[in-house]
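Tertiary structure, described
Each chain, letter by letter, is given below.
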Amino acid sequence: MQVQKYCWQQILLHWISATVIIWVLISGFYVAYLNVAPATRHFVAFVNVAMTTLFIPVFMLRWLLRLTRPKPRSLHDHLKHQRIAHVAHEGLYWTTAIVLLSGVLMMDRVIDVFGWFSIAPMLSNPFWHNVWFKAHIASCLLLALGVSLHIGAVLLHELSGRRVLRRMLP
Ligand code: HEM
Ligand code: HEM
């Protein structure tokens, strides 16, 4: 069945994901590279680790919906452009998955989820913590680039008359 827009569940999950990802990217890089008080850095790390851990099942549900729900009809006439849009979106899913996986695997301390529950570190060897930390930074940079291109593409589509935004709005 050909539909014109995303279903409300996908729309809700898209905007929850966008809010979480944009906040964690900006605040994470901000405290990592700018001069902030140690207490602020610890607070942001605490909130972000807890929030992104809770985000993991949300993200899995979102990916499941992409695989199971009917795809909205493409706004592109050319097969080549349809493929580019598909690959770009697929890339955002895979990059987010690597960011989440590397985040969990780099943890050398307990993952404390707002004091509600905690998850023990998956790995104990500092060598692998360091490898996954590097993978986390690299995949975060890639995700930041991908999200910027994604927002730029949405803007360009809207400006050239292809109304993509309304497909992701209620
Ligand atoms: C959408 C998911 C995520 C995004 C966008 C994200 C983003 C970031 C960014 C931008 C940084 C700063 C990197 C740097 O130092 O250059 C960072 C650091 C970090 N991330 Fe993530 N992250 C995500 C998920 C996770 C998860 C699931 C965990 C662990 C459960 C995690 C644990 C950490 C830790 C421990 C740091 C170092 C901060 C510190 O302890 O001081 N991240 N993250
Ligand atoms: C202000 C920020 C954002 C805007 C305006 C926006 C807008 C949109 C729009 C209009 C679509 C539908 C494209 C279509 O018609 O096919 C879309 C899809 C998508 N967006 Fe965003 N987005 C934003 C942020 C993000 C962020 C931060 C992510 C995180 C990775 C993201 C990931 C995706 C993905 C993966 C899809 C494809 C959905 C699918 O087909 O399953 N977006 N976005």
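Notes on the structure in this doc start here. Remember, predicted model here, so these are calculated numbers, not experimental data.

**Quick notes on a nonpolar patch on the surface**
Taken together, the side chains of Phe46, Leu54, Phe114, Trp116 and Phe117 define a hydrophobic patch exposed on the protein surface, amounting to about 490 Å² of accessible area. Among the structural elements, Phe117 can be located in strand E2 (residues 117–119).

**Observations regarding the nonpolar core**
With 13 residues, the main nonpolar core has Ile21, Leu25, Phe55, Phe59, Leu143 and Val147 as its most contacted residues. Contributing elements (two or more residues each) for this core: helix H1 (8–33), helix H2 (38–68), helix H3 (79–105) and helix H4 (126–159). Per element, the largest residue contribution to this core is four residues, and it comes from H3. In contact with Phe55, not counting residues within four places along its chain, are Ser17, Val20, Ile21, Thr96 and Leu100. Ala50, Val104, Met107 and Val113 belong to the second-largest nonpolar core, a separate cluster that totals five residues.

**Details of the pattern of salt bridges**
As enumerated under the stated definition, the model contains two salt bridges in all. We note a salt bridge from Glu90 to Arg66, for which the minimum N-O separation is 2.9 Å. Here Glu90, found in helix H3, pairs with Arg66, found in helix H2; they are 24 residues apart in sequence, far enough to count as distant. Ionic pairing is found between Glu158 and Arg163, a salt bridge with its closest N-O pair at 3.0 Å. Here Glu158 falls in the partly exposed class, since its relative accessible area comes to 22%.

Calculation notes
- Numbering of residues begins from 1 in every chain and follows the order in which that chain's sequence is written.
- Here the convention is simple: chains get letters from A, ligands get numbers from 1, in the order in which they are written.
- Since the coordinates come from a predicted model, pLDDT governs what is reported: local features require at least 70, and pairs of side-chain atoms require 80 or more to be given and counted, while whole-chain, interface and lining totals use all residues.
- As a convention, hydrogens and water are excluded, and side-chain values are obtained from all of the structure's heavy atoms.
- Here the term patch refers to residues with relative accessible area over 30% and no salt bridge, with like charges joined within 9 Å and nonpolar side chains (Val, Leu, Ile, Met, Phe, Trp, Tyr) within 5 Å.
- Each accessible area is a Shrake-Rupley result for a 1.4 Å probe, and residues are judged covered by the shown protein chains and nothing else.
- Take a side-chain nitrogen of Lys or Arg and a carboxyl oxygen of Asp or Glu: if they are within 4 Å of each other, that pair is a salt bridge.
- Going along the chain from the N terminus, every DSSP run of H or I of four or more residues is numbered as a helix, and every run of E of two or more is numbered as a strand.
- Residue types Ala, Val, Leu, Ile, Met, Phe, Trp, Tyr and Cys, when buried and joined through side-chain atoms within 4.5 Å, form a set referred to as a nonpolar core.
- Type-normalised accessible area, obtained with a 1.4 Å probe on protein chains alone, sets the label of each residue: buried when under 20%, exposed when over 50%, and partly exposed for intermediate values.
- A contact between two residues is defined here by any heavy atoms of the two lying within 4.5 Å.

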